[in-house]
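Now for the letters of each chain:
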Amino acid sequence: PKQLSCNPFVTYQFRFEKNTVYSTPEKVGIQSNPNFSYSQVHRIDDITADIAKELKEGSISFMVYGYPPARNKLA
């Protein structure tokens, strides 16, 4: 939303790497439709039947953050 469109960024946590939170860089300025151009390759060394099922049927949640436009005026 416009009221939270300053310096947006996204975070997520890959279920099989519980101690790491991944984040895109902030898109500086007022961004109503940012293109984050982010990619990350995750690797699982040993795939079990349970892990395969989770990857096939599970989901991932992304947290999208932004600041009020007044932040754009701050140094």
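Residues numbered from 1 in each chain as written. Predicted model: local features only at pLDDT ≥ 70, side-chain atom pairs only at ≥ 80, totals over all residues. Heavy atoms only, no water.

### Examining the overall build of the protein
Put simply, the rule reads: Where helices and strands are cited, they refer to DSSP runs of H or I of at least four residues and of E of at least two residues respectively, numbered from the N terminus. C-alpha atoms define the radius of gyration in this analysis, and the globule rule sets the expected value at 2.2 Å times the number of residues to the power 0.38. Only protein chains enter the accessibility calculation, which uses a 1.4 Å probe. A residue is then buried if its area is under 20% of the maximum for its type, exposed if over 50%, and partly exposed in between.
Scanning the protein from terminus to terminus reveals 1 helix and 3 strands. Taken from the N to the C terminus, the helices and strands of the protein come in the order β-β-α-β. What you see for the protein is a C-alpha radius of gyration of 16 Å, clearly larger than the 11 Å of a compact globule of 75 residues, by over 25%. Seen through its principal axes, the protein has C-alpha atoms that stretch 50 × 20 × 20 Å. Counting the 75 residues in the protein, one finds 17% classified as buried.

### Points about the side chain of threonine 24
Convention followed: Note on contacts: a residue pair qualifies if any of its non-hydrogen atoms lie within 4.5 Å across the two residues.
With respect to the secondary-structure elements, threonine 24 resides in the loop between strand 2 (22-23) and helix 1 (49-57). In contact with threonine 24, other than residues within four places in its own chain, are Phe9, Val10, Phe36 and Tyr38.

### Quick look at the sheet that holds strand 1 (residues 6-12)
Just so we agree on the cut-off: Two strands pair under a simple rule: DSSP has to find at least two bridges between them.
One open sheet accounts for 3 strands, arranged 2-1-3; its pairing is antiparallel. Whereas interior strands pair on both sides, the edge strands pair on one side only; in this sheet they are strand 2 and strand 3 (63-67). Direction of pairing for strand 1 relative to strand 2: antiparallel, over a ladder of 2 bridges. Counterpart to threonine 11 in the pairing with strand 2 is serine 23.

### A short note on the packing of aromatic side chains
Within a pair of aromatic rings, the relevant descriptors are the distance that separates the centres and the angle that separates the planes. Selection rule: Pairing of aromatic rings covers Phe, Tyr and Trp, the last through its six-membered ring, and needs centres within 6.5 Å; plane angles under 30 degrees mean stacked, over 60 mean edge-to-face, and all others mean tilted.
Overall, the coordinates contain 6 aromatic pairs when judged by the stated rule. Judged by centre distance (5.3 Å) and plane angle (20°), the ring pair of tyrosine 12 and tyrosine 22 falls under stacked. Separated by 10 residues along the polypeptide, tyrosine 12 in strand 1 and tyrosine 22 in strand 2 bring together distant segments of the chain. When sorted by exposure, tyrosine 12 lands in the same class as tyrosine 22, which is buried. Seen in terms of ring centroids, phenylalanine 14 and phenylalanine 16 are 5.4 Å apart; in terms of plane orientation they differ by 65°. Their pairing is edge-to-face.

### Some details on the confidence of the model for the protein
Basically, it comes down to this: The pLDDT score gives, residue by residue, the confidence of the prediction method on a 0 to 100 scale.
When the pLDDT values of the protein are averaged, the result is 89; 93% of them are 70 or greater. For the protein, per-element mean pLDDT is lowest for strand 3, which scores 92, and highest for strand 2, which scores 97.

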